[in-house]
Amino acid sequence: MNLAYCKIILQRRKDDTVKRELVKKLPKIELHCHLDGSIRPETLRKIAEQQDISLPTDDGQLKQLLVAPKDCQDLNDYLKRFELVLTCLQTETALQTAAFDIISQAAEENIQYIEVRFAPSLHTEKGLSLPKIVTAVLAGLNQGQQQFGVKSNALLCGMRHEALTEIEKIVHLAEEFKESGVVGFDLAGNEVDFPPYTFEETLALANQLNIPLTLHAGECGCGKNVADAVYLGAKRIGHGIALKDTPEYFSLIKEKDILIEMCPTSNFQTKTVTDLADYPFQLFLDSGIKVCINTDNRTVSDTTLTDEFMKLHEWYDITYTDMEQLNRNAIEGAFISNNEKQALHEQLTTGYQLD
Ligand SMILES: [Zn+2]
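As annotated in an unreviewed UniProt entry, the protein chain carries the name Adenosine deaminase and comes from Enterococcus quebecensis. What the UniProt record of the protein chain gives under Function (unreviewed entry) is the line "Catalyzes the hydrolytic deamination of adenosine and 2-deoxyadenosine." The annotation that UniProt attaches to the protein chain under Sequence similarities (unreviewed entry) is "Belongs to the metallo-dependent hydrolases superfamily. Adenosine and AMP deaminases family. Adenosine deaminase subfamily."

Undergrad: Honestly, the coordination of the zinc ion in this entry has me stumped. Any pointers?
TA: In a perfect tetrahedron of four donors around a metal, the angles come out at 109.5 degrees. In a perfect octahedron of six, they are 90 or 180 degrees. With distances of 2.1 to 2.4 Å, the protein atoms coordinating the zinc ion are His-32 (NE2), His-34 (NE2), His-216 (NE2) and Asp-296 (OD). Taken together, the four donor atoms coordinating the zinc ion span angles of 84 to 174 degrees at the metal, a pattern that classifies the geometry as irregular.

Undergrad: Sorry, what's going on with the pairing of strand 3 (residues 151-159) here?
TA: Strand residues, when the strand is regular, have side chains that alternate between the two faces of the sheet. For strand 3, the tally of buried residues reaches eight of nine residues, placing the bulk of the element in the interior. Taken together, the six bridges between strand 2 (residues 111-118) and strand 3 define a ladder with parallel strand orientation. Bridge pairing links Glu-115 to Asn-153 in strand 3. Crossover strand 2 to strand 3 through helix 7 (residues 130-148) is right-handed.

Undergrad: Teacher, can you tell me more about the nonpolar core here?
TA: Of all hydrophobic cores here, the largest spans 105 residues; its most connected members are Ile-260 and Phe-281. Discounting residues that sit within four places of it in the chain, Phe-281 has contacts with Met-262, Val-291, Ile-293, Leu-312, Tyr-316, Ile-318 and Leu-326. Of all hydrophobic cores here, the second largest spans seven residues; its members include Ala-68, Cys-72, Tyr-78 and Phe-82.

Undergrad: Where do I start with the pattern of salt bridges in this structure?
TA: Pairing is possible between side chains of opposite charge, provided their charged atoms come close. One pass over the structure, following the stated rule, counts 17 salt bridges. Measuring nitrogen to oxygen at the nearest pair gives 2.4 Å for the salt bridge that ties Arg-20 to Asp-307. Separated by 287 residues along the polypeptide, Arg-20 in helix 1 (residues 20-25) and Asp-307 in helix 14 (residues 305-316) bring together distant segments of the chain. In this structure Asp-307 comes out as partly exposed when scored by relative accessible area, which is 24%. Notably, a salt bridge pairs Glu-115 with Arg-236, separated by 2.9 Å at the nearest N-O pair. Note that Glu-115 is positioned in strand 2 and Arg-236 in strand 6 (residues 236-239), a separation of 121 residues in sequence. By relative accessible area, which is 1% here, Arg-236 ends up buried.

Undergrad: Mind showing me how you'd approach the confidence of the model for the protein chain here?
TA: Do not read the predicted coordinates in detail wherever pLDDT is low. Here the protein chain averages 93 in pLDDT, and 95% of its residues register 70 or above. Segment residues 1-7 is flagged for pLDDT under 50; beyond a separation of four residues in sequence, or across chains, it makes 16 contacts in the model. When the criterion is pLDDT under 50, residues 11-15 qualifies, and its contacts beyond four places in sequence or with other chains add up to ten contacts.

Undergrad: I'm lost on the packing of helix 2 (residues 41-50) against helix 3 (residues 59-66) in this one. Help?
TA: Axis angle and axis distance: for two packed helices, these are the angle between their axes and the distance between the axes, and together they describe the pair. With their axes 10 Å apart at the nearest point, helix 2 and helix 3 run at an angle of 95 degrees to one another. Judged by the inter-axis angle, helix 2 sits roughly perpendicular to helix 3. Contacts from Pro-41, Leu-44 and Arg-45 of helix 2 reach helix 3 at Asp-59, Leu-62 and Leu-66. Here the contact of helix 2 with helix 3 is composed, by residue class, of four nonpolar, no polar and two charged.

Undergrad: Which parts of the structure should I look at to understand the sheet that holds strand 8 (residues 290-293)?
TA: In a beta sheet, neighbouring strands pair by backbone hydrogen bonds and run either parallel or antiparallel. Judged by pairing direction, the sheet is parallel, and its four strands sit side by side in the order 5-6-7-8 without closing on themselves. Every other strand in the sheet has two partners, leaving strand 5 (214-217) and strand 8 as the edge strands with one partner each. Averaged over all neighbouring strand pairs, the angle between strand axes comes to 30 degrees, with direction disregarded.

Undergrad: I'm lost on helix 8 (residues 164-176) in this one. Help?
TA: Residue pairs spaced three or four apart in an α-helix point in one direction, given the helix's 3.6 residues per turn. Here helix 8 contains 13 residues, and its C-alpha end-to-end distance of 18 Å stays within 8% of the 18 Å for a straight helix at 1.5 Å per residue. Every buried residue belonging to helix 8 is among Ile-167, Ile-170, Val-171, Leu-173 and Ala-174, and all of these are buried. Buried residues in helix 8, looked at end-on, bunch into an arc of 155 degrees, giving them a common side. Turned more than 90 degrees away from the buried face of helix 8 sit Thr-165 and Glu-176, all of them exposed. Buried residues along helix 8 sit against helix 7, strand 3, strand 4 (182-188) and helix 9 (200-208).

Undergrad: I tried to follow the UniProt feature "binding site: substrate" (unreviewed entry) in the protein chain on my own but got confused; where do I start?
TA: Here the UniProt-annotated "binding site: substrate" (unreviewed entry) positions come out as His-34, Asp-36 and Gly-189. A maximum C-alpha distance of 13.0 Å is found for the annotated residues, which run over 156 residues; spatially they form one tight group. Looking at the element boundaries, His-34 is found in strand 1 (residues 28-34). His-34 gets classed as buried once you look at its relative accessible area, which sits at 10%. Apart from residues no more than four positions distant in its own chain, His-34 is found in contact with Ile-102, Arg-117, His-216, Asp-296 and Asn-297. One polar contact links His-34 to His-32, side chain to side chain, over a distance of 3.3 Å. Within the secondary structure, Gly-189 sits in the loop between strand 4 and helix 9. Filtering out sequence-adjacent residues up to four positions away, Gly-189 remains in contact with Leu-75, Met-159 and Arg-160.

Rules of the game
- Residues numbered from 1 in each chain as written.
- Predicted model: local features only at pLDDT ≥ 70, side-chain atom pairs only at ≥ 80, totals over all residues.
- Heavy atoms only, no water.
- UniProt positions renumbered as here; feature names shortened; annotations may be inferred.
- Donors = N, O, S within 2.8 Å, 3.2 Å for Na, K, Ca; no water.
- Tetrahedral: all angles 85-135°; square planar, octahedral: opposite > 155°, others 65-115°.
- Buried < 20%, exposed > 50% of the residue type's maximum accessible area, 1.4 Å probe, protein only.
- Helix = DSSP H or I, 4+ residues; strand = E, 2+ residues; numbered from the N terminus.
- Pairing = 2+ DSSP bridges.
- Right-handed = clockwise from strand over helix to strand, strands pointing away.
- Core = buried A, V, L, I, M, F, W, Y, C linked by side-chain atoms within 4.5 Å.
- Contact = heavy atoms within 4.5 Å.
- Salt bridge = Lys/Arg side-chain N within 4 Å of Asp/Glu carboxyl O.
- pLDDT = per-residue confidence, 0-100.
- Axes fitted to C-alpha atoms, helices over the stretch in contact; angles between N-to-C directions.
- Parallel < 35°, antiparallel > 145°, perpendicular 65-115°, else oblique.
- Nonpolar A, V, L, I, M, F, W, Y, C, P; charged D, E, K, R; others polar.
- Expected span 1.5 Å × (residues − 1).
- Arc of directions from axis to C-beta.
- Polar contact = N/O pair within 3.5 Å; in protein donor to acceptor, adjacent residues only side chain to side chain.

Shown next, in the form of structure tokens:
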């Protein structure tokens, strides 16, 4: 792992006006994007119609059900926006369509590589087996790759509130699909009541099976959860915001070369932070902690990766060069081979030759 990528020196060139249209066109990488939170409302409408599920006919009303409100109270309030989507995502066709839809969105903003995550156990309501669920999502991702040329892989999430035996099944599922496009395992959901060490044995199993781990941690709860997730084998951390309050763990994060997957819009919606002054983007950079930028949930957070980069530009004056570096961090942390990383680095080198 190249430590040079850890350090981003923010170059404040006030005359370097970053243009949204160009940011949209520049090659990008995304590692933290949830399938169920990222389906376009119009695609969900199509999926619902196929299954005779009635949705509000008014687009505004539908959006209200899918997008987290500005006055979203906390993570649990945010998670309510997934209920309707999950009702619709219980068939193979629906899952394939949803996965394809995400790749089409990625193509629109020139994402070269994306890791899409989902929790298979949330799609079994109508009797689909876990392997069928994964196969359907992978089919949608592959279809997207064929049509748009966007490379992608999947990450499987275990839901923290579920029985450990059920979560263990997801680890085995990741093992089963290792050669077909599943590249890692994640723990998502209620972090407060189910901190990392609850899953010590499950994660040990994943490590034993050589399944790379990226774990949601420090999204709420405490910074210690981030450190514990790393002790338990996580190579990447989803959100990691609470780490800001526990600088005693910074050296651990740096030593282990951990990548923090930051999701700015989502982090404010879930009230992980409320003031920009408390958002640790700059703190992490200054401390030599490697970060990358992500949407988390394109629809629930009503955002795109371009929007997230523009937000950071508005808040911190980041330049195209900084954006390139953040994307290179993502490449280094991606669960892909060195050859694939090299190819993506080359695509970035070409894409960011702006002069
Ligand atoms: Zn997430």
